[in-house]
Amino acid sequence: MKKAICIPLCIMLCSSFLLLCKKKSPKDDKKVIISWTEKSGLQKAPPVGNINVPFYTPKIQMRKKHIASVVRIIKQFPKCKLLIWGLGFDSKLWCSVNKNGTTIFIEDSPYWAKKISKEIACKVVLVKYNSKLRNAMKLLKNPKALHLKMPKKILNTKFDVIVVDAPNGYNNDAPGRMKSIFMSSKLIHKNSHVFVDDYKRKVESTFANTFLKPIFGEPTVYTERLHFAHFGKRNK
C-alpha cells in the first residue's frame, strides 16, 4: 500500500519541478527583451591562427579568440582608424595593437572615462545615449531617433575597423546597443569591418541584421558563448 502511494507522489513532485523550471526559463519571460535568438545556417568563422594579443588578462570579458580575430583585421590596415564602443580592461590592449594607427573610444560612463583615460594615450569621447533597452523595437521603426550626438570630427570619419562592445545591454533599463550599431553603419567605407559582440542577444542581432547586413551581407560568426559577429568584405 505504501508503494502505491509513493509512486503517484513521486510523479507529482517531478511534474511540479518541471513546471517550476519551465516558468524560470528565459525563453518564456516575455518581459525580458534580451532573450536569446536561435539561428540556423550561421557562417562560422575560420580559425584565427597564431595571433599575438598583448596585454590580455583574465579580467577582459571578451574571449581572446574574438580579440585575435579583430587584431588580424587591424593589421591589414597600415594606419588603421579604429573605433571601439566602450572602455574596459581591454582598452590598453586595443591601443597597443593599433599603435601605428588612430584609436578612439566611445564611452557613456564618466567613471570609466576618467579611470581609463589615465592609463591610455588614445582618445576617449564621452556620450549620452538617452535610450532604454525596453524601447529597442520602437527605435527600430524610427531610425532618426537612433542618431547619437558626437563630435563632428568623428561623424566625418570613415573608420577601417569598428568594435561594438557597448553600451550595457543586459537588462531593460540599460541603454542597449541600438545606437552604437546604427551609428557604426554610418561611420564606415566600402572596405570597413564591423565586429558585434553578444550577437546572440535579440537586440544585437536584430539591429546588426537591419543596419549592417544590407551593407556587408551575412556575417561570419564565432559561436562561443553569446556569439561574436564579423561584418566585412570577406563575408561576401
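Position numbers for residues count from 1 along each chain, tracking the sequence in the order it is written. Under the rules for a predicted model, residues below a pLDDT of 70 receive no local features and side-chain atom pairs below 80 are neither given nor counted, while totals for whole chains, interfaces and linings still include all residues. Excluded from the side-chain calculations are hydrogens and water; all other atoms, namely the structure's heavy atoms, are used.

Colleague: I'd like to hear about the state of the cysteines, residue by residue, with values.
Modeller: When the sulfur atoms of two cysteines come within 2.5 Å, that pair is taken as a disulfide. For the structure on display, the rule yields 1 disulfide. Cys95 shares a disulfide with Cys122; S-S distance 2.2 Å. Of this pair, Cys95 sits in helix H3 (residues 91–97) while Cys122 sits in the loop between helix H4 (110–117) and strand E4 (123–126), and the two are 27 residues apart along the sequence. The exposure class of Cys95 is buried, given its relative accessible area of 14%. Runs of H or I in DSSP of at least four residues are treated as helices and runs of E of at least two as strands, each being numbered from the N terminus. Only protein chains enter the accessibility calculation, which uses a 1.4 Å probe; a residue whose area is less than 20% of its type maximum is buried, one above 50% is exposed, and one in between is partly exposed.

Colleague: I'd like to hear about the pattern of salt bridges, residue by residue, with values.
Modeller: Between Lys or Arg on one side and Asp or Glu on the other, a salt bridge is scored when a side-chain nitrogen of the former is within 4 Å of a carboxyl oxygen of the latter. In the structure shown here, the tally under the stated rule is 8 salt bridges. For Arg177, the salt bridge is made with Asp165, and the minimal N-O distance between the two is 3.8 Å. On the criterion of sequence distance, the pair formed by Arg177 in the loop between strand E5 (159–164) and helix H7 (178–184) and Asp165 in the loop between E5 and H7 is long-range, its members being 12 residues apart. Where Glu204 meets Arg201, a salt bridge forms, and the shortest distance between an N and an O atom there is 2.7 Å. The residues Glu204 and Arg201 share a single accessibility class, namely buried. Among the charged side chains, a salt-bridge network with shared partners connects Asp165, Arg177, Asp198, Arg201 and Glu204.

Colleague: Give me unusual backbone geometry: which residues, what numbers.
Modeller: The amide bond that connects Ala166 to the next residue, Pro167, takes the cis arrangement and shows omega of 0°. Considering the arrangement of structural elements, one finds Pro167 in the loop between E5 and H7. Its identity is not glycine, yet Asn130 carries a phi of approximately 50°, on the positive side. Relative to the assigned elements, Asn130 resides in the loop between E4 and helix H5 (136–140). With a phi angle near 60°, Asp198 is a residue other than glycine that sits in the positive phi range. In this structure, Asp198 sits in the loop between strand E6 (188–197) and helix H8 (202–211). When its relative accessible area of 11% is taken as the criterion, Asp198 is described as buried.

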